[in-house]
Amino acid sequence: MVEHSTQVREYIQRINYVMDYIDGHLGENMTLEALANVAGFSPYHFHRVFAAMVGETLFGFIGRLRLERSLG
């Protein structure tokens, strides 16, 4: 059980790091591959983990942040 909770904490840290990265680079073109590399995951695994943890797809998240920033 300890190993599982350690992995979950690590995944949370990686996803939070990517979310911060996205927030700081919203004006740039970002690819799934590049963001997966930031997280240290394969693109396939990263996309699945991101959607499961954040509750929206990667590009849905990026689009929403861009829209919110343009409105604010």
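Just so you know, these numbers come straight off a predicted model, no measurement behind them.

A. Quick peek at the packing of aromatic side chains. Taken as a whole and judged by the stated rule, the model has 3 aromatic pairs. Measuring from centroid to centroid gives 5.7 Å for Phe46 and Phe50, while their planes differ by 55°, and the two rings are tilted. Here Phe50 and Phe46 lie together in helix α3 (residues 43–54), a separation of 4 residues that amounts to about one turn. Ring geometry for Phe50 and Phe61: centres 5.5 Å apart, planes at 65°, overall edge-to-face. Placement of the pair is Phe50 in helix α3 and Phe61 in helix α4 (residues 58–71), with a sequence separation of 11 residues.

B. Quick look at the packing of helix α2 (residues 32–39) against α3. Running from N to C, α2 and α3 cross one another at 80°; their axes reach a closest spacing of 9 Å. With respect to each other, α2 and α3 are oriented roughly perpendicular. Between α2 and α3, the residues in contact are Leu32, Glu33, Leu35, Ala36 and Ala39 and Pro43, Phe46 and His47, respectively. Grouping the constituent residues of the contact of α2 with α3 by class yields 6 nonpolar, 1 polar and 1 charged.

Basis of the calculations
- Residues numbered from 1 in each chain as written.
- Predicted model: local features only at pLDDT ≥ 70, side-chain atom pairs only at ≥ 80, totals over all residues.
- Heavy atoms only, no water.
- Phe/Tyr/Trp six-rings, centres within 6.5 Å; stacked < 30°, edge-to-face > 60°.
- Helix = DSSP H or I, 4+ residues; strand = E, 2+ residues; numbered from the N terminus.
- Axes fitted to C-alpha atoms, helices over the stretch in contact; angles between N-to-C directions.
- Parallel < 35°, antiparallel > 145°, perpendicular 65-115°, else oblique.
- Contact = heavy atoms within 4.5 Å.
- Nonpolar A, V, L, I, M, F, W, Y, C, P; charged D, E, K, R; others polar.

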